[in-house]
2 protein chains.
Amino acid sequence: MSTIKRYDKDDSTSYALGATLSIELLKARPDCVRRIYLHSKLNSAEIINTIESLADQASAAIDIETNDKAFRILSQKENCFVIAEFDKFDAPIDGSAPHIVLVNPSNAGNLGTIIRSAVGFDLPDIAIIKPAADIFDPKTVRASMGSLFRLRFSHYDQFEDYISAHKDRPIYPFMLNRDSKDLREVDIPNTFSLVFGNEATGLPKEFACIGTPVQIHHSDAIDSLNLPIALSIGLYSATRSRDFSPHFFDVANEVQL
Amino acid sequence: MSTIKRYDKDDSTSYALGATLSIELLKARPDCVRRIYLHSKLNSAEIINTIESLADQASAAIDIETNDKAFRILSQKENCFVIAEFDKFDAPIDGSAPHIVLVNPSNAGNLGTIIRSAVGFDLPDIAIIKPAADIFDPKTVRASMGSLFRLRFSHYDQFEDYISAHKDRPIYPFMLNRDSKDLREVDIPNTFSLVFGNEATGLPKEFACIGTPVQIHHSDAIDSLNLPIALSIGLYSATRSRDFSPHFFDVANEVQL
């Protein structure tokens, strides 16, 4: 029996809470899974079979144990009957792909929702400028609906460090002020970096001098759109001429584990 | 001194938690404000002056009291120093305006984020099909960033009741399946109803036979986009040829209190 403790950002492992997330994890990153906890009340033979069969296919053995205590410690949700413990992993961004750059995102739930949209719009490369919400926080994992396991991401101490590592690409800072270019009038090329600021403050003013600053037009009745929403509208717009063919991103072929 | 109790959906009043929300409320719906609680730790003269001067302008007297107990009962957030208690209000949707129709939205935070986008895209008329999250839940109010106070909304028991009340308008059900029309290829006219389903289930299949069913293309790596995000992309798309002039929606002129 293993010791179970509440998640801490300095831990080397994190948790996927719930059957859907755990199954996503087993499909996308089986080699990161350490252990699966099942609740004694889990009575879906289908879920148990799926988990057992995916766990069998992993290259390293995955412990599956029924352990209700794990749920009392790790989950606040009543309808959580599966928890997967996994090793945090590296999956650096692809230098030739379009990038999303998040400058100091502060909310784990928002970060997860952003990841879900990024993977959904086939733009699964996110650069994160620190300080930032923890990408492996179980709240991030949950809000991503498991799409975190199909993401590539790199952290940088400063925006300048990101720019030095990825030169010569069109940069589109999304600004809150009203003198940037209207997103509807911007033709975004195939390789780009869309840059978004913090939830409360947006991007600092200096970003108005970088690349092509853009804004999403909205009425004066609100101060700004919610960050994951502004970002997702940016992604929708940047991919408007794309064909979303199925199975675009096979994580096993693309990412070194 | 008034009795203070935790919010319940059957109450005739609700709460705006925080200075920003309370000020938004005082600006948009002063006549609904019953009472303002200030925390003894609130030390911003600017906030206090703004609140006092807005309260003075209301037609009925608004009590302002320093009362730390109210914060212990009503707020979980540490940085909440102002709470406004307000009467729930009616603000029926405008039959000639474009509508957003939410079929069984279940999450108060999502509902608030949706309202923020609706008001932001100058589409402040939302029809809600019950059962639904409570539009006056303090969580909804908070996630709306106060834009709830600039919204028009009506509740219906069934989608059919909404349709009977609002005939002859182009209907666009947003579907999760992949045989609906791609949103990018749809030209949405000036008056319309965009219809969105529940967070977990989307719209029932029957909606594929109503109006012009649309979908937002995304990769197969996710099951669906987050509901407020899909909806906001729909609003962005439906308003792509609009001019967002300032002060579009003067709530005092538009809505009978």
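Look up: the structure comes first, before these words.
All of these numbers come straight from a predicted model, not from anything done at the bench. (Residues numbered from 1 in each chain as written. Chains lettered and ligands numbered in written order. Predicted model: local features only at pLDDT ≥ 70, side-chain atom pairs only at ≥ 80, totals over all residues.)

1. Describing the interface of chain A and chain B
Part 1 of the reasoning: Chain A puts 30 residues into the contact, and the matching count from chain B is 30 residues.
Part 2 of the reasoning: Elements represented by at least two residues in the side of chain A that touches chain B include exactly helix H4 (108-120) and helix H7 (227-238) of chain A.
Part 3 of the reasoning: Among the residues making up the side of chain A that touches chain B, the classes are represented as 14 nonpolar, ten polar and six charged. (Contact = placed C-beta atoms within 7 Å. Helix = DSSP H or I, 4+ residues; strand = E, 2+ residues; numbered from the N terminus. Nonpolar A, V, L, I, M, F, W, Y, C, P; charged D, E, K, R; others polar.)

2. What about the relation of the copies chain A and chain B?
Part 1 of the reasoning: Once chain A is rotated about the relating axis by 180° and shifted along it by 0.0 Å, it coincides with chain B to within an RMSD of 0.0 Å. This pairing of chains is accounted for by a two-fold axis.
Part 2 of the reasoning: A symmetric contact is evident, with 100% of the interface residues of chain A recurring at the interface of chain B. (Least-squares fit on C-alpha atoms with pLDDT ≥ 70 in both.)

3. Considering the sheet that holds strand S2 (residues 33-38) of chain A
Residue and element names in this part refer to chain A.
Part 1 of the reasoning: Reading across from one edge, S1-S4-S2-S3 is the order of the four strands in this open sheet, with mixed pairing throughout. Every other strand in the sheet has two partners, leaving strand S1 (13-17) and strand S3 (63-66) as the edge strands with one partner each. The mean inter-strand angle of the sheet, taken between neighbouring strand axes irrespective of direction, is 20°.
Part 2 of the reasoning: Pairing between S2 and strand S4 (residues 82-87): five bridges, direction antiparallel. Within the sheet, the bridge partner assigned to Val33 lies in S4 and is Phe86. (Pairing = 2+ DSSP bridges. Axes fitted to C-alpha atoms, helices over the stretch in contact; angles between N-to-C directions.)

4. Points about the packing of H7 of chain A against helix H7 (residues 227-238) of chain B
Packed helices, taken two at a time, are described by the angle between their axes plus the distance between the axes.
Part 1 of the reasoning: The interhelical angle for the contact between H7 of chain A and H7 of chain B, taken along N-to-C directions, is 55°, at an axis separation of 9 Å. By the angle class used here, H7 of chain A and H7 of chain B are oblique. When the axes of H7 of chain A and H7 of chain B are compared, the crossing they make is right-handed. On H7 of chain B, the residues touching Pro228, Ile229, Ser232, Ile233 and Tyr236 of chain A of H7 of chain A are Pro228, Ile229, Ser232, Ile233 and Tyr236 of chain B.
Part 2 of the reasoning: Of the residues contributing to the contact of H7 of chain A with H7 of chain B, the split by class is eight nonpolar, two polar and no charged. (Parallel < 35°, antiparallel > 145°, perpendicular 65-115°, else oblique. Left-handed = near helix turned anticlockwise from the far one by under 90°.)

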